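A closer look at the structure
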Amino acid sequence: MRSPLFYAYLFVLFFAPLAFGTVELWSLFVLETTVIAGFVLYVFLSIRNREIIFKVPGSYALLCLLALIIVQLIPLPQIVLKVISPGSLAGYKPLIDNSGGSVWLPISLNQKLTLQQLLRVSTYAVFYVLTIQLLRDTELIKKTVNSVVYLGFGVAILALFQMVSSNGLIYWIRPAPGGAPGGPWININQYAAFIEAITPLALALFLFYRASPGAHLQPKGIAEFLSSPRSGKKLFLGVVVCLMVFSVFFSLCRGGIITISLSLILFAFLIGYKKKRYKNFALFAVIGFSLVGVSWFGWQPIISEFDKAIDANGAITDGRLTLWKDTLVIIRDYLFVGGGFGTFIDLYPAYKTIATDSIFEHAHNDYLELLTDGGIIGFALAAWFCLSVLVHGFKKLRVRKDRFAVLMGVGAFTSICALLMHSVVDFNMHNGAIGLYFFFLCGLLVAVLNTRPI
């Protein structure tokens, strides 16, 4: 039964991005059902076989976060609501006036959306736990990472072809609002976030697979390098990394370009920190070839894209700044426990100062939206989880000696940081696929640094 469970696990990793980024109810249903069913099966097999359950860093933080979302759904006396969430009480004023003032009310201003977020976050938490428990040995981790990297490579090729030939159609068949899809996503920013999450893993695999021992820069050595299967895989992975980096620059996603650049620097720093030296020819060669590819495409479109955010007087014109200022006012009114997970779309209209008829579903900053949804308590619990995973990973990374574990640990650590960095300017964590991959990477970081070498 282990093999079917593992392949179901891989199915989830492939399905989430390919199903239009998993943002629709049908795809969320498939994702959540498959993950929960797989977890139940794993628990059953573990009990039957009396297997050891591995420790899960950040588990208490996740449980507390889920408990907070549940509390947001429970009707409370108005006197309690006035103390912990006066903003929610004010939002219910028309209902209170019509009911005579005696009705109990939940913190969440939209219980349906908060319930959906509870199911989504629960699925992520279960997948995180399942990743740690399922990926028990190096071979399974290699299969998983290779599968994910090849998926990322395929999505990058798809995105590049779509950008030049699809006329705004996803898979050349489905219209995308805005006309600028990125691979399976309607939002080019979320495509960039996915590639940012995969590129460090591909780079880690590239460094792991050594070239042929006899290969060197002389003609005979080059021939041996090209004819060696081991060298061939290394060369292929180098191409994969270069193409994925190039695709992010080609997408002209400013947040993606900045994030993938910073993540490559972080990856190089962590490798140098672990090896006590900062000279790695293969690493800097593949980064250099990526930049050569961007130069072939041309830097002017990228420069022009960044110039759009600044006016002639040097002031930043990006509409996100106004959105964020409005969001800060929401945070003030829903300071402690937020207005309910998933309710930003309901909260923002009352605070909106942007002169547009557009509907804002998200704050374009995952941290600010976390504060509007969960208040400082929700923010602190999410930070507790992230820090637990990253601190655990960094401590293990410092002492591990196994080459594969170190490289893949650096890759997973960098991927997590890349998504956290990009969250400053976008709402990628609210995308079904990106959210799932964030928790997958957290589980991978823990799993790979706690496995025994084979």
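The structure under discussion appears in the preceding block.
Here's a quick rundown of the structure.

1. Describing the environment of Lys274
Structurally, Lys274 is set in helix α12 (residues 254–275). It is 9.5 Å that separates the C-alpha atoms of Lys274 and Lys401, two residues lying 127 residues apart in sequence.

2. Section: the packing of helix α3 (residues 59–73) against helix α17 (residues 366–399)
In a packed pair of helices, the relevant descriptors are the angle between the two axes and the axis-to-axis distance. Close contact between α3 and α17 brings their axes to 8 Å; oriented N to C, the two are set at 160°. Judged by the inter-axis angle, α3 sits roughly antiparallel to α17. For the element pair α3 and α17, the recorded crossing hand is left-handed. Residue-level inspection shows Tyr60, Ala61, Leu62, Cys64, Leu65, Leu68 and Gln72 of α3 in contact with α17, the latter providing Asp373, Gly374, Ile377, Gly378, Leu381, Trp384 and Phe385. For the contact of α3 with α17, the per-class residue count stands at 10 nonpolar, 3 polar and 1 charged.

3. A closer look at the packing of helix α8 (residues 138–165) against helix α9 (residues 188–208)
Orientation of α8 relative to α9, taken along the N-to-C sense of each, is 135°, at an axis distance of 9 Å. Classed by the angle they form, the pair α8 and α9 counts as oblique. Read as a crossing pair, α8 and α9 show a hand that is left-handed. Note on element contacts: α9 touches α8 through Ile188, Tyr191, Phe194, Ile195, Ile198, Leu201, Ala202, Leu205 and Phe208, opposite Lys142, Val145, Asn146, Val148, Val149, Leu151, Gly152, Val155, Ala156, Ala159 and Met163. Split into classes, the residues belonging to the contact of α8 with α9 amount to 17 nonpolar, 2 polar and 1 charged.

4. Things to note about the environment of Ile52
By the element assignment, Ile52 lies in the loop between α2 (25–49) and α3. Note on Ile52: relative accessible area 63%, which makes it exposed. Each C-alpha atom of the pair Ile52 and Gln133 lies 9.0 Å from the other, and the pair is 81 residues apart in sequence.

5. Remarks on the packing of aromatic side chains
Scanning all chains against the criterion turns up 22 aromatic pairs. Ring plane angle 65° and centroid distance 5.6 Å describe the contact between Phe20 and Tyr171, whose orientation is recorded as edge-to-face. Of the two residues, Phe20 sits in the loop between α1 (2–18) and α2 while Tyr171 sits in the loop between β1 (169–170) and β2 (174–175), which places them 151 residues apart along the sequence. Their ring planes at 15° and their centres at 5.4 Å tell us that Phe344 and Tyr348 sit as a pair that is stacked. Both residues of the pair, Phe344 and Tyr348, belong to the buried class. The cationic tip of Arg136 hangs over the ring face of Phe54; the distance from NZ or CZ to the ring centre is 4.3 Å. For the cation-ring pair, Lys142 lies above Phe404, with the distance from its terminal atom to the ring centre recorded as 5.4 Å.

Parameters at a glance
- Residues numbered from 1 in each chain as written.
- Predicted model: local features only at pLDDT ≥ 70, side-chain atom pairs only at ≥ 80, totals over all residues.
- Heavy atoms only, no water.
- Helix = DSSP H or I, 4+ residues; strand = E, 2+ residues; numbered from the N terminus.
- Axes fitted to C-alpha atoms, helices over the stretch in contact; angles between N-to-C directions.
- Parallel < 35°, antiparallel > 145°, perpendicular 65-115°, else oblique.
- Left-handed = near helix turned anticlockwise from the far one by under 90°.
- Contact = heavy atoms within 4.5 Å.
- Nonpolar A, V, L, I, M, F, W, Y, C, P; charged D, E, K, R; others polar.
- Buried < 20%, exposed > 50% of the residue type's maximum accessible area, 1.4 Å probe, protein only.
- Phe/Tyr/Trp six-rings, centres within 6.5 Å; stacked < 30°, edge-to-face > 60°.
- Lys NZ or Arg CZ within 6 Å of the ring centre and 35° of its normal.

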